[in-house]
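Read off the chains here:
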Amino acid sequence: MSTPSSRRPSERPSGRRPSGIPGSRRGSIDPSRLVSIDKAVAIGGNDNFNVLFIGAGNIMFGSPEGPWNHSFRLEHKLGPRLKVVALIDPNTERAAAVLEKKCASFVVSAYQNTRIFKTLDDFVKNMSPRDRPKAVIVGSPPMFRGTTKPGRDVELQILKHFPGVALFIEKPVATGPKEEISEGFQLAKQISESGTVCSVGYMLRYLRAVQTMKQIIDDNDLTVMATVARYACAYEAIAKPDWWDKSKSAGPVIEQGTHFCDLSRYFGGDVDISTVVAHSLEWYEAPGKLSKMQVDERQIPEENRIPRVTSATWKYENGAVGSFTHVVGLQGHNYSCELEVFADGYSLKLVNPYVQPVLYIRKPGDDDETVQRFPDDDPFFSEISHFIDVIEDIEDEDEEDSQILSSYDDAVKSYQLTWAIREASEKSKKSP
Ligand SMILES: NC(=O)c1ccc[n+]([C@@H]2O[C@H](COP(=O)([O-])OP(=O)(O)OC[C@H]3O[C@@H](n4cnc5c(N)ncnc54)[C@H](O)[C@@H]3O)[C@@H](O)[C@H]2O)c1
């Protein structure tokens, strides 16, 4: 990231890359360019930067469950240039409540003219030309997107009504039936062929620790041999009933473990999906009884209740091996998550990426690990910051362009992997 004085917005129309150049080119960022939010300065320029928000929920406006809050990061990145032209949410009361709070704060200039609509169509019908967005941030539930079916095709609608406008889409790209994954790949093709700038919210790719791991791999010309990922969530803090219902969330691997499946793929590459094997510990098995659930699971049909543990292994296309274990077992608030990457002579272990990322590095010539800590890192800010820089075509004098690290196509591949894990674990389970 650079300071405003070194930034050069280009002449390229907003939101469009020249065709043939994917949103993610080199695929990694020099970790020294990832600055924490308190040290970052708002982008330069004076013109309004119109943004359209789809979804007025936690990811967009924050929640006590975690550090996410895209509106806050956009306010910081765009400063007084940010104008949220509309907020689309069928729950208009929720939308009105969040806007009221914003308008009572010092960021009022971004929200004082924000209009609320139930649907994208309503916005399109009522939009004046000066409200045309430069970027659309999609934070609606994944069950309403990621397909080519009417009503669940918001990406296609945006491409149709706002060609050339940049897209930021939350993970996972969808949560529909497995058969619809091919529609996700169709969307990816259309997004890529239209040259649309598109970033998917796999923010862990933007961690300084993750980019340090990438740098070590690149600098030493390493080939990853294995990825070992473990994701244990603090289930006591998860009070959203939908999360516990596979028919709504698609289950914890697709909804949540997706971050670590994606990160595994970021290091291991494409997965040979036919090799995925998995086992689960189900809610009806003795070790699967949980004592501190905040939701009444009796309200959820038995066949939709989520597994407590899911454990999978697979082969990457180049022969390397991946493994992933998701656990719904911790209480309290903090999650316990680790990703270890092995290459000849090296192990790079990322610990606690959500709270205080720590990297344990073992290299040839030393049997002991060295430890690097990354305090005050904010991957949510870095992903938004890079997204905006790519739209504005910001370039450093002596560095390559900003990078989008998670393309739509890549995100569909991560979604496909999580579905394969769910399916393999369901096939291997014993009935109650
Ligand atoms: N990257 C992360 O770490 C992270 C963190 C939290 C959430 N998320 C993702 O963000 C997405 C939203 O999650 P959330 O926690 O904000 O959910 P939420 O339930 O808090 O909010 C979703 C909002 O979308 C609205 N909505 C429903 N249908 C809609 C539609 N068709 N169009 C527009 N809005 C619609 C709902 O009324 C609700 O207000 C999910 O994909 C989730 O996985 C990502």
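Residues numbered from 1 in each chain as written. Predicted model: local features only at pLDDT ≥ 70, side-chain atom pairs only at ≥ 80, totals over all residues.

If you check an unreviewed UniProt entry, the protein appears there as NAD(P)-binding protein from Neolentinus lepideus HHB14362 ss-1.

1. Side note on the nonpolar core
Val 51, Val 136 and Tyr 408 are the most contacted members of the largest nonpolar core, which has 109 residues in total. Here the element with the most residues in this core is helix α12 (residues 408-428); it accounts for nine residues. No fewer than three residues from each of domain 1 (4-204 + 383-393 + 395-407) and domain 2 (206-376 + 412-428) sit in this core. The contacts of Val 51, once residues within four sequence positions are left out, are Leu 74, Leu 82, Val 84, Val 85, Pro 133, Lys 134, Ala 135 and Ile 137. (Core = buried A, V, L, I, M, F, W, Y, C linked by C-beta atoms within 7 Å. Buried ≥ 20, exposed ≤ 12 C-beta atoms within 10 Å, placed from the backbone. Helix = DSSP H or I, 4+ residues; strand = E, 2+ residues; numbered from the N terminus. Domains from an automatic or database assignment. Contact = placed C-beta atoms within 7 Å.)

2. Focus on helix α10 (residues 252-268)
Its maximal kink placed at Thr 258, α10 deviates by approximately 65 degrees. Backbone geometry just after α10 places Gly 269 at a positive phi near 90 degrees. (Bend = angle between axes of the 7 residues up to and from the residue.)

3. Overview of the confidence of the model for the protein
A low pLDDT means the predicted coordinates there should not be read in detail. Taken over all residues, the pLDDT of the protein has a mean of 92, while the share at 70 or more is 92%. Contacts for the low-pLDDT stretch residues 1-25, under 50 throughout, to residues beyond four places or in other chains number 58 contacts. (pLDDT = per-residue confidence, 0-100.)

4. Notes on the sheet that holds strand β10 (residues 321-330)
In space, the eight strands of this open sheet follow the order β8-β9-β10-β7-β11-β12-β13-β14, with mixed pairing throughout. Strand pairing shows two members of the sheet lacking a second neighbour, β8 (271-281) and β14 (370-373), which therefore form its edges. Taken pair by pair, the neighbouring strands of this sheet meet at an average axis angle of 15 degrees, ignoring direction. Note that strand β11 (residues 336-343) and strand β12 (residues 346-351) share six bridges and pair antiparallel. Each residue of the ladder has a partner; that of Phe 342, found in β12, is Ser 347. Its contacts with the sheet put α10 on β7 (224-234), β8, β9 (309-316), β10 and β11, and the angle it makes with β7 is roughly 155 degrees. Sitting on the sheet, α12 is in contact with β8, β9 and β10, with an inclination near 50 degrees to β8. (Pairing = 2+ DSSP bridges. Axes fitted to C-alpha atoms, helices over the stretch in contact; angles between N-to-C directions.)

5. Section: the domain arrangement of the protein
Along its sequence, the protein is carved into domain 1 (4-204 + 383-393 + 395-407) and domain 2 (206-376 + 412-428). Computed over C-alpha atoms, the centres of domain 1 and domain 2 are 26 Å apart. Contacts between the two partners involve 24 residues from domain 1, matched on the other side by 27 residues from domain 2. Of all elements in the fold, only α7 (181-193) and α11 (379-392) reach the threshold of two or more residues within the side of domain 1 that touches domain 2.

6. Notes on the sheet that holds strand β5 (residues 166-169)
Pairing is parallel across the open sheet formed by six strands, whose spatial order is β3-β2-β1-β4-β5-β6. The open sheet terminates on both sides in strands that have one partner only, identified here as β3 (115-117) and β6 (198-200). Within this sheet the neighbouring strands show an average axis-to-axis angle of 20 degrees, counted without direction. Where strand β4 (residues 135-138) and β5 come together, four bridges link them in parallel fashion. Bridge pairing in β5 places Val 136 opposite Leu 167.

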